[in-house]
Structures are given as C-alpha cells and as structure tokens.
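# Understanding the architecture of this molecule
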Amino acid sequence: MSKMLRILIILMMALSLPLSTAFAHNGHHGHHDHGKDNLVALGDSVPYGYAPDRNNAKPAHYAYPYQIGKYADLKVHNLAVPGWQTDDLLYALENNKKFRQAVKRADYVTVQIGGNDFLEVLRAAQLESKGDMKKFHRLLQHKLAKSDAFDNINEIIKEIRSLTKARIVLYNLYNPFQLNDPLHKVADMYLPQLNAMYKNIADSYKRVSLADAYRAFGDNQAKFVYKGDIHPTKAGHAALAKIGLKALKREYAHHRN
C-alpha cells in the first residue's frame with residue numbers, strides 16, 4: 001500500500017469518518033446502542049474463530065464477523081458455537097430465548113453451518129470402508145443422500161426469516177483439506193453439489209445472499225487453513241470477511257433500490 005494511501009486511511013479513521021457510511025443508516029434505531037446497526041453471527045467453530053494455537057475459551061477477535069463489523073461499523077453478537085451441526089443451530093433458534101431475541105433485534109445475520117455435518121459423514125464413511133476406495137465413495141454418497149443437513153439449513157433460514165426481516169448472508173462450505181491430503185480431491189468431488197444446495201436455499205428466500213467460501217478459498221488452503229487442522233487462519237478469516245461484506249453490500253444495494 002502506498003504511503004500516501006496509508007496516511008489518508010489513518011486520517012479518515014482519526015476523523016472517524018466511517019469508511020462505509022452505507023451501513024450506518026438503516027432506518028430503525030430505537031433498540032441500538034448509539035445508533036449502530038447490529039450483526040448477529042450464527043454457526044460453528046468457523047465464525048467463532050476457533051484455532052489450534054490459541055485458548056478457545058471465547059471467540060477470536062479476528063474472527064470474520066468482527067472484521068465485517070469493523071469495516072461496516074456494526075455491533076457484533078457472535079453466537080457461533082464450536083462443534084455445532086445444523087440440528088444444534090436449528091434447535092437453538094427454535095428454543096433458546098437468547099438466540100431468538102438476538103435474531104429478532106438483528107439488522108444483519110450471517111450463517112455458517114454444515115461443515116461438521118459433512119466432516120462427520122466423511123469420517124464415518126472412511127472408518128466403515130477400511131481403505132476400500134470404491135466402498136468409501138459408495139458409503140459417502142449413501143450417507144450424504146440420507147443426511148438431513150440441508151433440510152435443517154432450509155429450516156434455519158426459514159426460522160430466522162420468521163423472526164426478522166434482516167438481511168441474511170449464508171456461507172457455503174470451503175474445502176478444509178490441504179492439497180497434499182487425499183481428502184482434498186474427495187471433498188472437491190462432493191462440495192460443488194452440496195454447495196449448489198446452499199445456493200438453492202439462499203435463492204428461495206428474499207434478502208438472503210450467498211457468500212461463496214468455496215470459491216474464495218479455492219485451492220489456497222496453505223494460506224487460508226491451518227495445516228493439520230480444518231479451521232481458517234487469520235488470512236482465511238480476512239477472505240471470509242471480504243465475501244461477507246460483499247454479500248451484505250449487494251443486499252444493501254437491493255434494499256436501496
């Protein structure tokens with residue numbers, strides 16, 4: 001970044017001119033702290049910012065929901081829970097008062113869930129096939145077909161929509177495996193079909209847009225995913241924040257017109 005540009009940005013920050021005023025005025029401010037719109041982040045260990053090299057007692061400050069909040073001047077409620085699958089989130093949205101209240105008050109909601117459902121199916125197929133690749137793929141297809149993950153995701157979006165008119169950004173699944181891991185190729189065989197279902201769900205609701213994590217990460221796992229782990233690095237979170245912001249802005253543009 002050129003020195004001049006950096007000085008300009010520092011100046012703008014010093015004068016506290018929000019870099020993006022587009023988000024600051026969304027109409028109904030009655031329930032907000034000093035007029036900031038709020039973003040509720042739902043999902044698993046990814047939006048939580050879980051990482052192998054830190055104490056994961058609370059969400060990471062660099063987790064992408066906070067980065068989106070910083071750029072768009074939003075107050076962030078990170079309700080993501082490590083290890084959660086689609087049925088956990090659906091249950092919370094239907095039954096947990098804290099979740100329901102937060103979503104009711106939200107101006108923006110991000111949802112990233114389903115990765116653990118996919119990994120569980122993958123591991124089960126791996127175990128049962130005992131190294132027989134043909135059997136592995138057969139089991140994997142069977143288990144994916146039987147999985148209720150996509151019914152759950154559809155119900156999750158439906159439930160959020162029943163609580164709020166807020167714009168929703170639904171993240172699809174990135175490939176969590178490094179290029180030299182045989183599972184990288186396997187994931188690439190199945191994720192495009194699974195991610196097509198994410199797109200279908202997003203397309204079937206008003207003001208829901210898709211954040212394409214699969215495309216954002218591409219084959220760049222070495223940079224975006226911790227080695228020997230499946231979670232995003234800080235660079236990975238920056239990439240997820242970028243597509244989330246873009247999806248929110250796209251929604252915002254629709255909203256204005």
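Placed above this text is the structure.
Residues numbered from 1 in each chain as written. Predicted model: local features only at pLDDT ≥ 70, side-chain atom pairs only at ≥ 80, totals over all residues. Heavy atoms only, no water.

The next point concerns the pattern of salt bridges. One pass over the full model with this rule turns up five salt bridges. For Lys143, the salt bridge goes to Glu128, with nearest N and O atoms at 2.9 Å. Of this pair, Lys143 sits in helix H7 (residues 133–146) while Glu128 sits in helix H6 (residues 115–129), and the two are 15 residues apart along the sequence. For Lys143, a relative accessible area of 19% corresponds to the buried category. A residue is classified by how much of its surface remains accessible, and Glu128, at 36% relative accessible area, is partly exposed. (Salt bridge = Lys/Arg side-chain N within 4 Å of Asp/Glu carboxyl O. Helix = DSSP H or I, 4+ residues; strand = E, 2+ residues; numbered from the N terminus. Buried < 20%, exposed > 50% of the residue type's maximum accessible area, 1.4 Å probe, protein only.)

Let us look at the packing of helix H4 (residues 86–95) against helix H8 (residues 149–163). Relative to each other, H4 and H8 sit at 25°, their axes nearing to 9 Å. Taken together, the axes of H4 and H8 lie roughly parallel to each other. Pair H4 / H8 crosses with left-handed handedness. Across the interface between the two elements, Thr86, Asp87, Leu89, Leu90, Leu93 and Glu94 of H4 pack against Ala149, Asn152, Ile153, Glu155, Ile156, Glu159, Ile160 and Leu163 of H8. In terms of residue class, the contact of H4 with H8 is made up of eight nonpolar, two polar and four charged. (Axes fitted to C-alpha atoms, helices over the stretch in contact; angles between N-to-C directions. Parallel < 35°, antiparallel > 145°, perpendicular 65-115°, else oblique. Left-handed = near helix turned anticlockwise from the far one by under 90°. Contact = heavy atoms within 4.5 Å. Nonpolar A, V, L, I, M, F, W, Y, C, P; charged D, E, K, R; others polar.)

So, about H6. Along its 15 residues, H6 runs 21 Å from first to last C-alpha, staying within 8% of the 21 Å computed at 1.5 Å per residue. The complete set of buried residues in H6 reads Gly115, Asn116, Asp117, Phe118, Leu119, Val121, Leu122, Ala125 and Ser129. Taken together, the buried residues of H6 touch H4, H7, H8 and helix H9 (182–203). Taken from the residues just after H6, Lys130 is the one with a positive phi, measuring 45°. (Expected span 1.5 Å × (residues − 1).)

What follows is about H7. Helix length check: H7, at 14 residues, gives a terminal C-alpha distance of 20 Å against a target of 20 Å (1.5 Å per residue), a fit within 8%. Contact partners of the buried residues in H7: H6 and H9. Structurally, the start of H7 carries an N-cap: the backbone nitrogen of Lys134 is 3.1 Å from a side-chain oxygen of Asp132. (Polar contact = N/O pair within 3.5 Å; in protein donor to acceptor, adjacent residues only side chain to side chain.)

Here the focus is the packing of aromatic side chains. In the structure shown here, the tally under the stated rule is five aromatic pairs. With a centroid separation of 4.5 Å and 40° between ring planes, the pair formed by Tyr174 and Phe217 is classed as tilted. Taken together, the positions of Tyr174 in the loop between strand S4 (167–171) and H9 and Phe217 in helix H10 (residues 213–217) put the pair 43 residues apart, joining distant regions of the chain. Every member of this aromatic cluster is reached through a ring pair, and the members are Tyr174, Phe217 and Phe224. One Lys or Arg, Lys70, reaches over the ring of Tyr71 and ends 5.8 Å from the middle of that ring. (Phe/Tyr/Trp six-rings, centres within 6.5 Å; stacked < 30°, edge-to-face > 60°. Lys NZ or Arg CZ within 6 Å of the ring centre and 35° of its normal.)

A few words on the pairing of strand S3 (residues 108–112). Within S3, five of the five residues are buried, which leaves the element mostly enclosed by the surrounding structure. Side-chain alternation along S3 places Tyr108, Thr110 and Gln112 on one buried face and Val109 and Val111 on a second face that is also buried. Here strand S1 (residues 38–43) pairs with S3 via five bridges, running parallel. Bridge pairing in S3 links Gly43 to Gln112. Relative to S4, S3 is paired through four bridges, and the arrangement is parallel. Residue Val109 lies in a different strand from S4, and its bridge partner there is Ile168. (Pairing = 2+ DSSP bridges.)

With that settled, consider the nonpolar core. In this structure, Leu42 and Val111 are the most contacted members of the largest nonpolar core, which totals 47 residues. Tallying contributions element by element places H9 first for this core, with nine residues. Residue contacts for Val111: discarding those within four places in its chain leaves Leu42, Leu89, Ile156, Ile157, Ile160, Ile168, Val169, Leu170 and Tyr171. Counting residues in each nonpolar core, the second largest holds 23 residues, with Ala213, Phe224, Val225 and Leu248 among its members. (Core = buried A, V, L, I, M, F, W, Y, C linked by side-chain atoms within 4.5 Å.)

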